[in-house]
Amino acid sequence: MIQSEQINELLSALVKAQALMGGATKDSKNPFFKSNYADLSSVIKVIKEPFAKFGLGYIQFPIGDSGVVGVRTRIIHESGQWIESEFTMPLSKVDPPSLGSAVTYFRRYSLQAMVGIPSVDDDGQSFMVK
């Protein structure tokens, strides 16, 4: 994780926003693992209003090089303070559909982790077991 020189205002706002956030709803199905999971839009729904109320926002964009792809997520505060993290992983198949799915997956998990949204899906656990 990297951050702006100061993050006191951002952290104060994030703590207040987290007090209003619940878990993301399992509203999507993963046919491969026969499970339900909270998709990216469910995660965004959880943070949207609390973030707006306390002057927070986020930016995410794909990153990658030589078969390793991922996402960079930056949580920003109206004061100009920010924290940022990258989530990358090598892909065994690099084509547009695989890349798009991977980036969406990385965005969802990165955003959940950075803002402290409880993970209510189990597709990640199934992935690790296989």
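Residues numbered from 1 in each chain as written. Predicted model: local features only at pLDDT ≥ 70, side-chain atom pairs only at ≥ 80, totals over all residues. Heavy atoms only, no water.

Notes on the overall build of the protein
- Check the secondary structure of the protein and you find four helices and six strands.
- The helix and strand sequence of the protein, counted from the amino end, reads β-α-β-β-α-β-β-β-α-α.
- Expressed as a percentage of the 130 residues in the protein, the buried residues total 38%.
- Put simply, 53% of the contacts in the protein that link residues at least 6 apart link residues at least 24 apart. (Helix = DSSP H or I, 4+ residues; strand = E, 2+ residues; numbered from the N terminus. Buried < 20%, exposed > 50% of the residue type's maximum accessible area, 1.4 Å probe, protein only. Contact = heavy atoms within 4.5 Å.)

Observations concerning the side chain of His77
- One can find His77 in strand β5 (residues 68–77).
- Classification of His77 as buried rests on a relative accessible area of 12%.
- Polar side-chain contacts of His77 include one of 2.8 Å to the side chain of Ser79. (Polar contact = N/O pair within 3.5 Å; in protein donor to acceptor, adjacent residues only side chain to side chain.)

Some details on helix α2 (residues 40–53)
- The terminal C-alpha atoms of α2 lie 21 Å apart, and with 14 residues this matches the ideal 20 Å at 1.5 Å per residue to within 8%.
- Bending of α2 peaks at approximately 35° at the position of Ile47, with proline Pro50 no more than four residues after it.
- Buried within α2 we find Leu40, Ser42, Val43, Val46, Ile47, Pro50 and Phe51.
- Contacts made by the buried residues of α2 are with α1 (8–20), β4 (56–65), β5 and α3 (96–115). (Expected span 1.5 Å × (residues − 1). Bend = angle between axes of the 7 residues up to and from the residue.)

Regarding the nonpolar core
- In terms of nonpolar packing, the biggest core is built from 18 residues, with Met21, Ile47, Phe51, Leu56, Ile75, Val115 and Ile117 touching the most fellow members.
- Counting only elements with at least two residues in this core, the list comes to α1, α2 and α3.
- For Leu56, the residues in contact, after removing those within four places along its chain, are Leu10, Ala13, Leu14, Ala17, Phe51, Ile76 and His77. (Core = buried A, V, L, I, M, F, W, Y, C linked by side-chain atoms within 4.5 Å.)

Structural notes on the pairing of β5
- As paired strands, β4 and β5 are joined by 10 bridges and run antiparallel to one another. Residue pairing for β5: Gln60 is matched across the bridge by Thr73.
- Where β5 and strand β6 (residues 82–90) come together, nine bridges link them in antiparallel fashion. Each bridged residue has a counterpart across the sheet, and for Val69 the counterpart in β6 is Met89.
- Where β5 hands over to β6, the hairpin turn is made up of four residues, of which Gly80 adopts a positive phi near 100°. (Pairing = 2+ DSSP bridges.)

A look at the packing of α2 against α3
- Taken N-terminus to C-terminus, the directions of α2 and α3 make an angle of 35°; their axes are 10 Å apart at the nearest point. The two elements α2 and α3 cross, and the hand of that crossing is left-handed. For the pair formed by α2 and α3, the contact residues are Leu40, Val43, Ile44, Ile47 and Phe51 on the first element and Thr104, Arg107, Arg108, Leu111, Gln112 and Val115 on the second.
- Within the contact of α2 with α3, the residues separate by chemical class into seven nonpolar, two polar and two charged. (Axes fitted to C-alpha atoms, helices over the stretch in contact; angles between N-to-C directions. Left-handed = near helix turned anticlockwise from the far one by under 90°. Nonpolar A, V, L, I, M, F, W, Y, C, P; charged D, E, K, R; others polar.)

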